[in-house]
Amino acid sequence: MAPSNVLRCCQRVVGWIPVFFITLVACWSYYAYVVELCIFTIRSIGEKVIYLVVFHLSFVMFVWSYWKTIFTPPANPLKEFRLVNTDKEQYDREERPEAQQEILKRVAKDLPVYTRTANGAIRYCDRCQIIKPDRCHHCSACDMCVLKMDHHCPWVNNCVGFSNYKFFMLFLAYSLLYCLFIAATVLQYFIKFWTEIKCFLQSSLPSFHDFSLFAVCSYSVVHQILVLSHVATKILCRRKSSVNCPKGDLPDNHAKFHVLFLFFVAAMFFISLLSLFSYHCWLVSKNRSTIEAFRAPMFRNGPDKNGFSLGFSKNLEQVYGDQGKYWLLPIFTSLGDGCSYPTRLVSQDPEQPSTINHTEPAKSIADGQSLPPRPLSESQNRLLGGTDQHWIDEGSDEESSKDLNQNAALDEESAKHST
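Bear in mind the structure is a predicted one, so any value in this text is a computation, not a measurement. (Residues numbered from 1 in each chain as written. Predicted model: local features only at pLDDT ≥ 70, side-chain atom pairs only at ≥ 80, totals over all residues. Heavy atoms only, no water.)

Let's talk about the overall build of the protein chain
Looking only at helices and strands, the protein chain features 13 helices and eleven strands. Put simply, the protein chain has 419 residues, and 40% of those count as buried. For the protein chain, restricting intrachain contacts to residue pairs at least 6 apart in sequence, the fraction spanning at least 24 positions comes to 63%. Carbon together with sulfur atoms contributes 63% to the accessible area of the protein chain, which is approximately 24,700 Å² in total. (Helix = DSSP H or I, 4+ residues; strand = E, 2+ residues; numbered from the N terminus. Buried < 20%, exposed > 50% of the residue type's maximum accessible area, 1.4 Å probe, protein only. Contact = heavy atoms within 4.5 Å. Areas by Shrake-Rupley, 256 points an atom, 1.4 Å probe, with all protein chains shown as cover.)

In structure tokens form, the structure reads like this:
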């Protein structure tokens, strides 16, 4: 086996360590909440039933979305974006970048590709040997080009992109709800347990005065023995008085430690996930990926960070689909094929059919009529379409104006004859 293959196998094995860690934490949280808290600690039957029902609902949705995020393979570009054998051989023979770009431009002229590199060249992956569709990037961890790549997440050991971005968002949302529910329901038992521990420590451990007295009187063995006996006597007295400490509802077993760590782990994961989920909610509202948030997509007319933004509601539909009843389920409902996306181009593109955002007001012409904006291309009009548009050519404008003049003249003549 080649060294590169051995290294690749080691990387794959190591990549599953974070997933294995999250799985262990989820399994332990299930045991600690269901068994240690609900069965052994909570005494109210009604409280047990409510907690178990809500917990299992959130746990199932969390595991379902996490599973779909992990095991949904990343979407790859269609075969239309691959060079045919003749073009590929010609591209490999060419040594000048200008000639290679001419070959790529000739192939890409029939493809729905509107983004370019920073130098204005066609985006081409030499490793996968394909013309990159819009929003497609090569993932070095997955060793493939991924459609609408957002990032490679080590916690799911998968590349988050077009095929599983909805699952990733639901995974973050249900993880937050799962941790929030655990922390909120465990809080009261955590306080009772912590009160008992604090009271026990205060009644059992020697005070700072005892230790300072031992340090001051340590010049002789006799004094040390006297001080230690004094401290031991005080500890025994405090332990006897600890009977008066308030007792909580938690049993005196290892369930206390499960409750303690369960609250800390749930609170820690909730705080860390909250910032990540908030950031990705902002990305969805702007219809951007993490890569596009750091580097604006480059169109033929220049960079435009809002080039794919279609408005808040349509941006949500791009990820969650146009049927709201499936938004909260880890079922693929994202719009499009992942290779072409509706764009909002600010300026005209000489190499592309005229595209204007539907939100722009219609242009006015001399005779007071309003001309609606020209339609988008087929790949761009999936989400922006909605209103019927009727076109008026220049020739038809002249004919209609002539007909109006003739009708006006006939009306005047008829009026004269009537008088």
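Overview of the packing of helix H2 (residues 17-39) against helix H9 (residues 255-286)
At their nearest, the axes of H2 and H9 sit 10 Å apart, and the two run at 135° to each other. Classified by the interaxial angle, the pair formed by H2 and H9 is oblique. When the axes of H2 and H9 are compared, the crossing they make is left-handed. Only Ala255, His258, Val259, Phe261, Leu262, Val265 and Phe269 of H9 make contact with H2, whose side of the interface consists of Phe21, Ile22, Val25, Trp28, Ser29, Tyr31, Ala32, Tyr33, Glu36 and Leu37. (Axes fitted to C-alpha atoms, helices over the stretch in contact; angles between N-to-C directions. Parallel < 35°, antiparallel > 145°, perpendicular 65-115°, else oblique. Left-handed = near helix turned anticlockwise from the far one by under 90°.)

Some details on empty space enclosed by the protein
Per the stated rule, a full pass over the model turns up two cavities of 30 Å³ or more. Within this model, the largest cavity holds a volume of roughly 60 Å³. In terms of residue class, the lining of the largest cavity is made up of four nonpolar, three polar and three charged. Counted as a void, the second largest cavity has a volume near 40 Å³. Considering the residues around the second largest cavity, the lining is formed by Lys148, Phe162, Tyr165, Gln318, Val319 and Ser334. (1 Å grid on protein atoms, 1.4 Å probe; cavity = no way out; pocket = protein on both sides within 12 Å on 5 of 7 lines; lining within 4 Å. Points joined across faces, edges and corners; volume = space filled by probe spheres on them. Nonpolar A, V, L, I, M, F, W, Y, C, P; charged D, E, K, R; others polar.)

What about a nonpolar patch on the surface?
A surface patch of nonpolar side chains, amounting to about 460 Å² of accessible area, comprises Ile45, Val49, Ile50, Val53 and Val54. You can see Ile45 is positioned in helix H3 (residues 45-71). What makes Ile45 exposed here is its relative accessible area of 60%. (Patch = residues over 30% accessible without salt bridge, like charges linked within 9 Å, V, L, I, M, F, W, Y side chains within 5 Å. Salt bridge = Lys/Arg side-chain N within 4 Å of Asp/Glu carboxyl O.)

Notes on the pattern of salt bridges
The tally for this structure, following the rule as stated, stands at four salt bridges. Put simply, Arg106 and Asp87 hold a salt bridge, and the shortest N to O gap is 3.4 Å. Taken together, the residues span a long stretch of sequence, with Arg106 in helix H5 (residues 97-108) and Asp87 in helix H4 (residues 85-93) at a distance of 19 residues. Its relative accessible area of 12% is what places Asp87 among the buried residues. Linking Asp92 and Lys88 is a salt bridge whose minimum nitrogen-to-oxygen distance equals 3.4 Å. Highlighted residues: Asp92 and Lys88, both in helix H4, separated by four residues, approximately one helical turn. Residue classification places Asp92 among the partly exposed positions, given a relative accessible area of 48%.

Examining unusual backbone geometry
A negative phi angle is the norm for most residues apart from glycine, just as the trans form is the norm for most peptide bonds. We note that Lys148 has phi near 45°; this positive angle belongs to a residue other than glycine. Along the chain, the position of Lys148 falls in the loop between strand E5 (144-146) and strand E6 (151-153). Despite not being glycine, Asn287 has its phi angle at roughly 55°, a positive value. Topologically, Asn287 is positioned in the loop between H9 and helix H10 (290-294).

Details of the nonpolar core
In terms of nonpolar packing, the biggest core is built from 47 residues, with Tyr33, Phe55, Tyr165, Ile182 and Val186 touching the most fellow members. Mapped onto this core, the elements with two or more residues apiece are H2, H3, helix H6 (165-204), H9 and helix H11 (312-320). The element contributing the most residues to this core is H6, with 16 residues. Tyr33 has contacts with Cys38, Tyr51, Phe55, Phe181, Ile182, Thr185, Val186 and Leu262, leaving out every residue within four places of it along the chain. Counting residues in hydrophobic clusters, the runner-up holds 25 residues, among them Tyr91, Val107, Ala108 and Tyr341. (Core = buried A, V, L, I, M, F, W, Y, C linked by side-chain atoms within 4.5 Å.)

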